[in-house]
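# Structural features, examined
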Amino acid sequence: MKNLFKLPAVLFCIVLISSCSKKPIMGTWQYDGGLYNGREQKASLDFQMQRTYTENTFEAYLLEGSAKPELYSSGLYEIKNDSLMITSKFSSRPSQNTDQTIIYNFVIDQNSLTIKGVLPNGMVVEEYWKKIN
């Protein structure tokens, strides 16, 4: 009889753990502006920046008009609690951040993502992204 009650409890725990481990950041996000050292920067009207997060990697693209999307950054990411750790492995432009892990605090509210952190050069960033896929 005890084993009969253990099975539903075990199944409940498995479902709970699997639902908690789902990465809410997975999908494609489009840049929607931000603050850089306290200065506001709006998203460009001329081009879009999109970042796609898969299981543990990301790719960032620049989209401009009908031109082919340009990969400008890619790498690895990890989530721990409210921290998003991003390690860039590729940058199309010279970058001092390649192979360095940058830790951001992040918040997802429905289809909005906010990331806040300090870059290795000391710049304080707060970026806003909208989920598009």
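Residues numbered from 1 in each chain as written. Predicted model: local features only at pLDDT ≥ 70, side-chain atom pairs only at ≥ 80, totals over all residues. Heavy atoms only, no water.

### Things to note about the overall build of the protein chain
Tallying secondary structure elements over the protein chain gives 1 helix and 9 strands in all. Across the 133 residues of the protein chain, 28% fall into the buried class. Counted over contacts in the protein chain with a minimum sequence separation of 6, partners at least 24 positions apart contribute 33%. When the accessible surface of the protein chain is split by element, carbon and sulfur atoms take 55% of a total near 9,300 Å². (Helix = DSSP H or I, 4+ residues; strand = E, 2+ residues; numbered from the N terminus. Buried < 20%, exposed > 50% of the residue type's maximum accessible area, 1.4 Å probe, protein only. Contact = heavy atoms within 4.5 Å. Areas by Shrake-Rupley, 256 points an atom, 1.4 Å probe, with all protein chains shown as cover.)

### Here we look at the side chain of Ser 83
Structurally, Ser 83 is set in strand S6 (residues 83-91). For Ser 83, the contacting residues outside a window of four places in its chain are Glu 78, Ile 103, Tyr 104, Asn 105 and Phe 106.

### Some words on the packing of aromatic side chains
In this structure the tally under the stated criterion is 3 aromatic pairs. With 5.4 Å between their ring centres and 75° between their planes, Tyr 31 and Trp 129 make a pair best called edge-to-face. Taken as a pair, Tyr 31 in strand S1 (residues 27-36) and Trp 129 in strand S9 (residues 124-131) lie far apart in primary sequence, 98 residues in all. Like Trp 129, Tyr 31 is buried. An angle of 85° between the planes, with centres 5.1 Å apart, marks the rings of Tyr 53 and Tyr 77 as edge-to-face. Placement of the pair is Tyr 53 in strand S3 (residues 48-53) and Tyr 77 in strand S5 (residues 70-80), with a sequence separation of 24 residues. Each of the two residues, Tyr 53 as well as Tyr 77, counts as buried. Within the aromatic cluster, the residues linked to one another by ring pairs are Tyr 53, Phe 58 and Tyr 77. Directly above the aromatic system of Phe 58 lies the positively charged group of Arg 51, at a separation of 5.3 Å from the ring centroid. (Phe/Tyr/Trp six-rings, centres within 6.5 Å; stacked < 30°, edge-to-face > 60°. Lys NZ or Arg CZ within 6 Å of the ring centre and 35° of its normal.)

### With respect to the confidence of the model for the protein chain
On average, the protein chain scores 87 in pLDDT, and the residues at 70 or more come to 83%. Here residues 3-21 scores under 50 on pLDDT; set against residues more than four positions off or in separate chains, the count is 0 contacts. (pLDDT = per-residue confidence, 0-100.)

### Notes on the pattern of salt bridges
The tally for this structure, following the rule as stated, stands at 5 salt bridges. Between Lys 130 and Asp 32 there is a salt bridge, with its nearest N and O atoms 3.8 Å apart. Separated by 98 residues along the polypeptide, Lys 130 in strand S9 and Asp 32 in strand S1 bring together distant segments of the chain. The exposure class of Asp 32 is partly exposed, given its relative accessible area of 36%. Linking Glu 78 and Lys 80 is a salt bridge whose minimum nitrogen-to-oxygen distance equals 3.7 Å. (Salt bridge = Lys/Arg side-chain N within 4 Å of Asp/Glu carboxyl O.)

### A look at the nonpolar core
One finds Tyr 53, Leu 84 and Tyr 104 to be the most contacted residues of the largest nonpolar core, which totals 20 residues. Among the elements of the structure, S1, strand S4 (57-63), S5, S6, strand S7 (101-109), strand S8 (112-118) and S9 are those that each provide at least two residues to this core. Beyond its immediate chain neighbours, meaning those up to four positions away, Tyr 53 contacts Ile 25, Met 26, Gly 27, Trp 29, Phe 58, Tyr 77, Leu 84 and Ile 86. (Core = buried A, V, L, I, M, F, W, Y, C linked by side-chain atoms within 4.5 Å.)

### Describing the side chain of Lys 23
Here Lys 23 is to be found in the loop between helix H1 (2-20) and S1. This buried residue, Lys 23, is left without a salt bridge; Glu 55 holds the nearest opposite charge, at 4.1 Å. Among the polar contacts made by the side chain of Lys 23, one reaches the main-chain carbonyl oxygen of Glu 55 at a distance of 2.6 Å. In this view, Lys 23 contacts Glu 55, Asn 56 and Tyr 77; residues no more than four positions away in its chain are not counted. (Lys, Arg positive; Asp, Glu negative; His and termini not counted. Polar contact = N/O pair within 3.5 Å; in protein donor to acceptor, adjacent residues only side chain to side chain.)

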